[in-house]
Each structure stands twice: as C-alpha cells, then as structure tokens.
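# Structure assessment
Here are the chains, one letter per residue:
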Amino acid sequence: MILVTGGAGFIGANFVLDWLGAMQEPVVNLDLLTYAGNLHNLDALRADARHVFVRGDICDRALVQTLLSTHRPRAIVHFAAESHVDRSIHGPDAFIQTNVVGTFSLLEEARAYWTALSGSEQQQFRFLHVSTDEVYGSLEAHDPAFSEATPYAPNSPYSASKAGADHLVRAYHHTYGLPTLTTNCSNNYGPFQFPEKLVPLMIHHALSGQSLPIYGDGKNVRDWLYVGDHCAALRVVLDKGRVGETYNIGGQSEKTNLEVVHTLCELLEQMQPHTTRRYIDLITYVKDRAGHDRRYAINAEKISHELGWQPSETFASGFARTVRWYLENQAWVSNVTSGAYRSWLDKNYHAEAVR
Ligand code: NAD
Ligand code: DAU
C-alpha cells in the first residue's frame, strides 16, 4: 500500500480517486482536514475498503510513526500543505509549520522507517514530494521556461516554505540516501478545487452574480494543467522516476489571467447563459497581490523524454470539462462556501476596486 498525505485536498483527492480507479493497491490517507480538506471529495470511496482515511497532522510524529509501522507502505506521496499564496501573505505561520516543519517531521519518520526495512523493501521504497513551479520565482515575458536546473528564487511566504521543503527532501537523499523524488508542477485546475483559487472562484462568482476580481492588470501568466494530467504524471514518476531526481510538470498552456477569465465566461455563456446579463461584464480590476509573480512557464522535456509523460487534455478541453463539472456539482460548491470562507473573502478583497 501507499501512504498519501493531504489526500482530502484538491490534488490529493483527485490523486487518490485516480489511483484507486487505475490499480488495486490500497491507500492510507492522512489529512488534517483544514479549511481546504473536504471528505466529500472522497464520497465515491465510502464503501471502498482499499481507502483508509486518518484525520491527523503530518507534524504529529507519533501518529506518522504508528501509521508507518502498522500499514508498512512501500511509498509516501506527500501533498499535505498550505497552498494558497494570498493566505500566506496574510498569515505565513501555518505555511512554515505545515510546509517546512511538517515535511521535516515526515522525512524524519520516513527515514527511521526506511532504515529499518529489509534489503528489497528498502530498495523499493520511495518518498514522492509534490511541489510547485513557484519555487523558481518569476519570469520576464521572453525568459525561457523553468527547467529542473533553474535556480530557486521563491518570492512569497508560500513559495519560500515550499522551497524550504524541497531543500530538505534533497538533503535527506544526499545525506541519508532516502530514496526521494520531487515534482514541481504548474497551476492545476479541475474538480474539487477550493473556490479561493482563480478558476473555481471565477466560476462561483460568475454564477452567483458577484464581481470577477482581477488582480492588477490581469496580464500575469500561468501555465495551466488539468489535475488529472498531474495525477497521471505523479504515477509515472513514482513508477519510473530516478531516485534523487526532480521532475518539472506543466501543461504547455501559458495564459494571462484575463485570457483564463474570458475563457471561463465564454464557456459559461455557452453552457448556462444568464437571462439578463453577460458574465464578462462582472470583471472588476482590484488591488494587485503583494509581490505578485509575473509569469510562470514550465519546460517539461525531462519528464516527457525520460518517462514518456504528456498531458492528455488541452487548455480548451480541460477548461470545458472543468466548467461542466462545477455546473453539475453546485451542491459541492455550496458546501464549501461556508461562513469561514466568506470572512476570508472579506479579509482578502475588502471589496475595493482600483479601476
Ligand atoms: P489544498 O490546499 O487543496 O489541499 C491541501 C490538503 O492538505 C488539505 O486536504 C488539507 O487538509 C491538508 N493539510 C494541510 N495541512 C496539513 C497537515 N498539517 N497535516 C495533514 N494534512 C494537512 O492543496 P492542493 O492545491 O491540492 O495542493 C496539494 C499539493 O500540491 C501542495 O503541496 C501544493 O504545494 C502542491 N501543488 C499545488 C498546485 C496547484 O495548482 N494547486 C500546483 C503545484 C503543486
Ligand atoms: O504555480 C503553481 C501554484 O499555483 C501552486 O503551487 C499553488 O498552490 C496554487 O495556489 C497556484 O498559485 P497561484 O497564485 O498562481 O494561483 P491562484 O489561483 O491563487 O492565482 C492564479 C492567478 O490569478 C494569479 O496570478 C493571481 C490571479 N488571481 C487570483 C485570484 C484568487 C486574480 O487575479 N484574482 C483572484 O481572485
């Protein structure tokens, strides 16, 4: 079996669902269920004995130790993190605690467990650390895309905490020989994404007639990847990745935020037109994010050439699929848009449009 951390969040839940859809190997899922974790994401597995859910903190070393010795996983796939850049600007503490201290705790327990394994089990064991392209910093318009050799230059408390975690993972391989793999992926979108992130927030606001808040001039660029393609890439890296290596994962879909929001509005016009207004008219320019990275782009040649992975969704097909999912799963959206979520929105946007 494998141990997944953060498997009730957006990517983690998609990964667990994909994994159990594709193979028989059971999953122990350790997740603290912070505001971003949601057991409804895993409703399809309610009666599935291959999925064992444990609510707990990756910083709880005694718990992690017990899970490892009880379930004896052949791999750890580590998603658990604080993941939202804006939240890291308002309150970085939790980011350092979970992303840095939590990853350190997990590495220490993984090292103790791995050291005590028998020869062949020790050889097969893997620690797959799921990270982000944001550790590389920000690109100018004509810079080449991030490769695995791009120096780290994180700009937000979130990306700095992820960079810290990446460095710890690297050190545990270099110093102790722990068989690690690290992936650095671009912006994901798809089902079960918490509506604080650009894509689900815009869909939710458009459908509920709220303004669509564009930070700054809306020309910041992200490289968009459908979450199912990320999950497929992680399975390939776990299966065939070279120990100690890092792999960049991206969608070859660089878009400005305005292009993304226009695409979402056009898809909503086609799938669920409003009787009296156009979604696009809800666009509002708001104060820019502090330290806002201008552009991310991923060079995914390594994973493509070495491991044969390619995204299967295009920007057009993935976005159409995603909008359809949110339209068909409005009950899921209502469930997560709780009171706590509303107070976060007030804090982050304080209802001010700058132009
Ligand atoms: P998310 O915020 O949706 O989910 C994070 C999950 O981790 C939640 O279920 C939460 O309850 C859990 N968690 C948080 N703190 C925990 C703790 N201390 N112990 C146990 N569980 C805890 O995040 P996501 O978007 O699914 O991202 C998952 C991982 O992928 C993160 O490590 C993130 O840095 C990385 N990543 C995300 C993206 C993206 O576009 N979303 C892109 C590249 C990499
Ligand atoms: O690049 C990978 C990263 O992508 C992941 O590591 C992070 O966990 C994930 O949150 C994401 O980070 P971003 O900051 O790029 O994603 P977000 O959805 O928050 O914002 C995408 C872009 O849209 C960014 O340029 C900010 C802008 N934006 C975002 C929101 C929420 C807006 O203009 N308005 C908004 O309301």
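Residues numbered from 1 in each chain as written. Chains lettered and ligands numbered in written order. Predicted model: local features only at pLDDT ≥ 70, side-chain atom pairs only at ≥ 80, totals over all residues. Heavy atoms only, no water.

## Re the site of ligand 1
Convention followed: Any residue with at least one heavy atom within 4 Å of a molecule or strand is counted as near it. Here a polar contact is taken to be a pair of N or O atoms separated by no more than 3.5 Å, where protein atoms must pair a possible hydrogen donor with a possible acceptor and residues adjacent in sequence count only if both atoms sit in side chains. Computed by Shrake-Rupley with a 1.4 Å probe, the accessible areas treat only the displayed protein chains as cover when residues are assessed.
Lining the immediate surroundings of ligand 1 are 28 residues, of which Ile11, Asp31, Ser83, Tyr158 and Lys162 lie closest. Here Phe10 contributes a backbone N or O atom positioned 3.1 Å from an oxygen atom of ligand 1. Ser83 places a polar side-chain atom, nitrogen or oxygen, 2.7 Å from an oxygen atom of ligand 1. Here ligand 1 has 840 Å² of accessible area as a free molecule, and 97% of this is covered by the chains.

## Looking at the pairing of strand β5 (residues 126-132)
We apply this condition: Buried means the residue's accessible area, taken with a 1.4 Å probe over protein chains only, is under 20% of the maximum for its type, while exposed means over 50%, and partly exposed covers the values in between. What counts as a helix is a DSSP run of H or I of at least four residues, what counts as a strand is a run of E of at least two, and both are numbered from the N terminus. Any two strands between which DSSP finds at least two bridges are classified as paired. By convention a crossover is right-handed if, when the strands point away from the viewer, the path from the first strand over the helix to the second runs clockwise.
Counting buried positions along β5 gives seven out of seven residues, so the element sits mostly inside the fold. Because side chains alternate across β5, one face comprises the buried residues Arg126, Leu128, Val130 and Thr132, and the other comprises Phe127, His129 and Ser131, equally buried. Taken together, the four bridges between strand β4 (residues 75-78) and β5 define a ladder with parallel strand orientation. Within β5, the position partnered with Ile76 by the bridge is Phe127. Bridge analysis of β5 against strand β6 (residues 180-185) gives six bridges, and the strand direction is parallel. When the sheet's bridge partners are listed, Thr132 is paired in β6 with Cys185. Crossover β5 to β6 through helix α6 (residues 157-176) is right-handed.

## Let's talk about the sheet that holds strand β3 (residues 51-55)
Note the cut-off: Every axis corresponds to a line fitted to the C-alpha atoms, with the helix fit spanning only the stretch in contact, and the corresponding angles, defined between N-to-C directions, vary from 0 to 180 degrees. The contact rule is simple, with two residues in contact once any of their heavy atoms fall within 4.5 Å.
What the seven strands build is an open sheet, ordered β3-β2-β1-β4-β5-β6-β10; its pairing is parallel. At either margin of the open sheet sits one strand with a lone partner, and together these are β3 and β10 (246-249). Averaged over all adjacent pairs, the angle separating strand axes in this sheet is 20°, with direction ignored. Running at roughly 175° to strand β2 (residues 27-31), helix α2 (residues 61-71) makes contact with β1 (2-5), β2, β3 and β4 of the sheet. Packed on one face of the sheet, α6 meets β5 and β6 and runs near 155° to β5.

## A look at the sheet that holds strand β11 (residues 254-256)
Across the sheet, three strands lie side by side as β7-β9-β11; this open sheet has mixed pairing. What marks the edges here is a single partner per strand, and that holds for β7 (187-189) and β11. Here the average twist between neighbouring strands, direction ignored, is 50°. Pairing of strand β9 (residues 221-226) with β11 involves three bridges; the strand directions are antiparallel. Considered in β11, the bridge of Val221 is made with Thr256. Of the strands in this sheet, β9 and β11 touch helix α9 (residues 257-271), which is tilted by about 85° from β11.

## Quick notes on the packing of helix α7 (residues 198-207) against α9
For clarity, the cut-off: Note on angle classes: values under 35 degrees are labelled roughly parallel, values over 145 roughly antiparallel, values of 65 to 115 roughly perpendicular, and the remainder oblique. Crossings are classed by handedness, with left-handed meaning an anticlockwise turn of the near helix from the far one by less than a right angle and right-handed meaning a clockwise turn. Residues are sorted three ways: Asp, Glu, Lys and Arg are charged, Ala, Val, Leu, Ile, Met, Phe, Trp, Tyr, Cys and Pro are nonpolar, and all the rest, Gly among them, are polar.
Across the interface, α7 lies against α9 with an axial gap of 10 Å and an inter-helix angle of 45°. It follows that α7 is oblique to α9 by the angle criterion. Of the two possible hands of crossing, α7 and α9 adopt the one that is right-handed. In this structure, α7 uses Leu198, Val199, Met202, Ile203, Ala206 and Leu207 to contact α9, whose residues at the interface are Asn257, Val260, Val261, Leu264 and Leu268. Taken together, the residues of the contact of α7 with α9 sort by class into ten nonpolar, one polar and no charged.

## Structural notes on the nonpolar core
How we decide: To define a nonpolar core, start from buried Ala, Val, Leu, Ile, Met, Phe, Trp, Tyr and Cys residues and group those joined through side-chain atoms within 4.5 Å.
One finds Ile2, Val4, Phe15, Val77, Phe79, Ile249 and Ile303 to be the most contacted residues of the largest nonpolar core, which totals 35 residues. Of all elements in the fold, only β1, α1 (10-22), β4, β5, β6, α8 (227-240), β10 and α10 (301-307) reach the threshold of two or more residues within this core. Examining the composition of this core, we find that seven residues originate from one element, α1, more than from any other. Residues in contact with Phe15, not counting those within four places in the same chain, are Ile2, Val4, Val77, Phe79, Cys231, Leu234 and Arg235. Among the nonpolar cores identified, the runner-up in size contains 32 residues, and Met202, Ile203, Ala320 and Val323 belong to it.

## Things to note about the confidence of the model for the chain
Detailed reading of the predicted coordinates is not advisable wherever pLDDT falls low. What counts, and what does not: Each residue gets a pLDDT score, which is the predictor's confidence in that residue and runs from 0 to 100.
Counting all residues, the mean pLDDT for the chain is 95, and 96% of those residues have values of 70 or more. Per-residue pLDDT stays below 50 along residues 351-355; that stretch engages in eleven contacts with residues further than four places along the chain or on separate chains.

## What about the side chain of Glu134?
One can find Glu134 in the loop between β5 and α6. There is a polar contact of 3.3 Å between the side chain of Glu134 and the side chain of Tyr296. Look past the residues within four positions of Glu134 in its chain and what remains in contact with it is Val85, Pro154, Ser156, Tyr158, Ser159 and Tyr296.

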